[in-house]
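What the coordinates show
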Amino acid sequence: MNFEFDEEHNLLRDQAARLLADKSDFTEVRAVLEGEASYSKSLWDAVVEQGWTAVAIPEEYGGLAMDRLALCVLAEELGRAVAPIPYSSSVYLATEALLMAGSQAQKEAWLPKLAAGDAIGTFALAERHGRQTPQLIETRAASGTLTGTKLPVADGDVADFAIVVAASDKGDGASLWIADLSASNVSKSPVTTLDPSRSHVQLVLDGAPAEPLGADGEGWALTQKLFDQAAVLFAWEQVGGADRALNMARDYAMQRYAFGRPIASFQAIKHKLANAYVKNTLARSNCYYGAWALDTNAAELAVAAATARVSATQAFYYASKENIQTHGGMGFTWEFDCQFLYRRAKLLSVNIGSEAAWQEKLITAVEQSNLAA
């Protein structure tokens, strides 16, 4: 069992780090946060030009046919840069849903556009605060249309289509549908979140045209499988952000003097940074396990995904919080960049389910694994 990235993946990592250092050293993040744009178009165009939107798409659909480890590498660097682009919605979720459950016609219609960056997709599940279950889904499908409200939907204002979870009277109680978000009977209202560098909307579908994705009554199982895959990628994104936050705190502590010496020499600061390092290292270890399970489609994916998700969520939050604390009073100000990492840490902690939900999934996955053994 090998958890190491090979030379090809490390070259991709270096390429991504150079691009993002040039294009998104928080300048793009602040521009989106303070401006009117929903995302950084220049950074998105650069990402598309590098082929990152085509990484896991088969060659027959215009993709690069690389493995899921390549996505893990890119996710970490995008997390380190706090990239203000709809990459996760379109690549981790919409593209993977089509690859997982799409018909040949649906793949031919959407995957080439996604690979070329000519279309952006998203995923719409939530309808209310709190726990999501098939019994709570109110969005309904009838005669090739969808009616219901989804809230919040990440990048819904810029997406061309959404994979929508709707209620079903069959199977597991849910089905997936592909909804065209350009239709006149689709309305979008902005939703304010802690991280405005990633836009969210309330999506109202009033008889919106849609087509089924996968079999009727299998939508909930497909969603859970999709989220297990996405959890590994989001965990790598969180680890990238956690490392960036820890490095920012360390660099500032080394150069900030108080009482004639660097504050990094003070025990209180050293202990905080050491704790962050331990959490980051544990999360990275779990992410390696998750990457292996994702790339090999291992039976342990559910356990590995939940483990990576929980530890990475905790690591990113702690590192981003202590980064602000290390910077002192200035760390809380609008002018300092500490806020971007904290905002993204809070957003990523709930985007595909809360930490508590993933802890529960981890317990369930471990119990099922033990029973199977």
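Here the structure is a predicted model, which means the values were calculated and not measured.

Attention shifts here to helix α8 (residues 267-296). With 30 residues, α8 extends 44 Å from end C-alpha to end C-alpha; this agrees with the ideal 44 Å at 1.5 Å per step. Among the residues trailing α8, Asn297 stands out with phi positive, at a value near 50°.

What follows is about empty space enclosed by the protein. Across all of its chains, the model carries 2 cavities of 30 Å³ or more by this definition. Looking at the largest cavity, its volume works out to about 50 Å³. As for the largest cavity, its lining consists of Leu78, Gly79, Ala83, Ile85, Tyr87, Ser88, Arg198, Glu237 and Arg344. Empty space within the second largest cavity amounts to approximately 30 Å³. Taken together, the elements giving at least two residues each to the lining of the second largest cavity come down to α5 (87-101) and α7 (219-255). With 3 residues, the single largest contributor to the lining of the second largest cavity is α7. Of the residues assigned to the lining of the second largest cavity, the class counts are 4 nonpolar, 1 polar and 2 charged. If you count residues domain by domain, the lining of the second largest cavity takes at least three from each of domain 1 (7-97) and domain 3 (220-369).

Over the atoms, a rolling probe the size of a water molecule traces out where space has been left empty. Computed from the structure, the second largest pocket encloses a volume of approximately 250 Å³. In this structure, the second largest pocket is lined by 16 residues; those nearest its centre are Ala37, Ser38, Pro190, Pro196 and Ser199. Of all the secondary structure elements, the ones that give two or more residues to the lining of the second largest pocket are α2 (27-34) and β6 (186-191). For the lining of the second largest pocket, the residue count by class is 6 nonpolar, 6 polar and 4 charged. When residues are assigned to domains, the lining of the second largest pocket turns out to be shared by domain 1 (7-97) and domain 2 (121-216), each giving three or more.

Core analysis: the biggest nonpolar cluster contains 115 residues, and Trp52, Ile85, Tyr87, Tyr92, Phe123 and Ile163 have the highest contact counts within it. At 15 residues, the largest contribution of residues to this core is made by α7. If we skip the residues at most four places from it in the chain, Ile163 touches Ala94, Ala97, Thr122, Phe123, Ala124, Leu176, Trp177, Ile178 and Leu213. Leu246, Ala253, Ile269 and Ala276 belong to the second-largest nonpolar core, a separate cluster that totals 10 residues.

Attention now goes to the pattern of salt bridges. For side chains bearing opposite charge, pairing can occur when the charged atoms are close. For the structure shown, the criterion picks out 20 salt bridges. Its salt-bridge partner being Glu96, residue Arg68 comes within 3.1 Å of it at the nearest N-O pair. One end of the pair, Arg68, is in helix α4 (residues 68-81); the other, Glu96, is in helix α5, with 28 residues separating them in the sequence. Residue Arg68 is classed as partly exposed on the basis of its relative accessible area, which comes to 21%. Salt-bridge contacts for Arg80 lead to Glu76; the nearest nitrogen and oxygen are separated by 2.9 Å. Note that Arg80 and Glu76 are positioned in helix α4 at a spacing of 4 residues, about one turn of the helix. Linked by salt bridges that have partners in common, Arg13, Glu76, Glu77, Arg80, Asp243 and Arg284 make up one network.

This part is about the domain arrangement of the chain. Interface size, as often reported, equals the accessible area lost upon joining of the parts. Partitioning the chain into structural domains gives domain 1 (7-97), domain 2 (121-216) and domain 3 (220-369). Placing the centre of domain 1 and that of domain 2 at their C-alpha centroids yields a distance of 24 Å. On the domain 2 side, the residues contacting the 15 residues of domain 1 number 14 residues. Surface buried jointly by domain 1 and domain 2 totals about 1100 Å² across both partners, of which 61% is contributed by carbon and sulfur atoms. Broken down residue by residue, the surface that domain 1 buries against domain 2 is led by Ser38, Ser89 and Ala94, which jointly contribute 37%. The tally of links between domain 1 and domain 2 comes to 0 salt bridges. Counting every contact that joins domain 1 to domain 2 gives 6 residue pairs in polar contact (both at pLDDT 80 or more). For the side of domain 1 that touches domain 2, the residue count by class is 11 nonpolar, 4 polar and no charged.

Here the focus is the packing of α4 against α8. Each pair of packed helices can be described by the angle between their axes along with the distance between the axes. Across the interface, α4 lies against α8 with an axial gap of 9 Å and an inter-helix angle of 145°. Here the hand of the crossing between α4 and α8 comes out right-handed. In this structure, α4 contributes Arg68, Leu69, Cys72, Glu76 and Arg80 to the contact, and α8 contributes Arg284, Ala291, Leu294 and Asp295. In terms of residue class, the contact of α4 with α8 is made up of 4 nonpolar, no polar and 5 charged.

Criteria and thresholds
- Along each chain, residue indices are assigned from 1 in the same order as the chain's sequence is written.
- Only residues with pLDDT of 70 or above have their local features reported here, since the model is predicted, and side-chain atom pairs are shown and tallied only from 80 upward, although totals for entire chains, interfaces and linings are computed over all residues.
- Where side-chain values are given, they derive from all heavy atoms of the structure, hydrogens and water being excluded.
- Put simply, DSSP marks the helices as runs of H or I at least four residues long and the strands as runs of E at least two long, and each gets a number from the N terminus on.
- Here the expected span of a helix is defined as 1.5 Å times the quantity of residues minus one.
- Cavity: a set of points on a 1 Å grid over the protein atoms alone where a 1.4 Å probe fits but cannot get out. Pocket: an open set with protein on both sides within 12 Å along at least five of seven lines, its lining residues, like those of a cavity, having an atom within 4 Å of a point.
- Grid points are joined across faces, edges and corners, and a volume is the space filled by probe spheres set on the points.
- Residue polarity follows a fixed list, in which Ala, Val, Leu, Ile, Met, Phe, Trp, Tyr, Cys and Pro are nonpolar, Asp, Glu, Lys and Arg are charged, and the others, Gly among them, are polar.
- A domain assignment, automatic or from a database, supplies the domain bounds used here.
- Buried residues of nine kinds, namely Ala, Val, Leu, Ile, Met, Phe, Trp, Tyr and Cys, make up a nonpolar core once their side-chain atoms join them within 4.5 Å.
- Type-normalised accessible area, obtained with a 1.4 Å probe on protein chains alone, sets the label of each residue: buried when under 20%, exposed when over 50%, and partly exposed for intermediate values.
- A contact between two residues is defined here by any heavy atoms of the two lying within 4.5 Å.
- Salt bridges are counted wherever a side-chain nitrogen of Lys or Arg sits within 4 Å of a carboxyl oxygen of Asp or Glu.
- What gets called buried area is simply the loss in accessible area from a 1.4 Å probe that two parts show on being joined, summed for both.
- Under this definition, polar contacts are N or O atom pairs within 3.5 Å; protein pairs additionally need one hydrogen-donor-capable and one acceptor-capable atom, and for neighbouring residues in sequence, both atoms have to be side-chain atoms.
- Axis lines are fitted through C-alpha atoms, for helices just across the contact stretch, and the angle between N-to-C directions can take any value from 0 to 180 degrees.
- Two helices that cross are described as forming a left-handed crossing if the nearer one is turned anticlockwise from the farther one by less than a right angle, and a right-handed crossing if clockwise.

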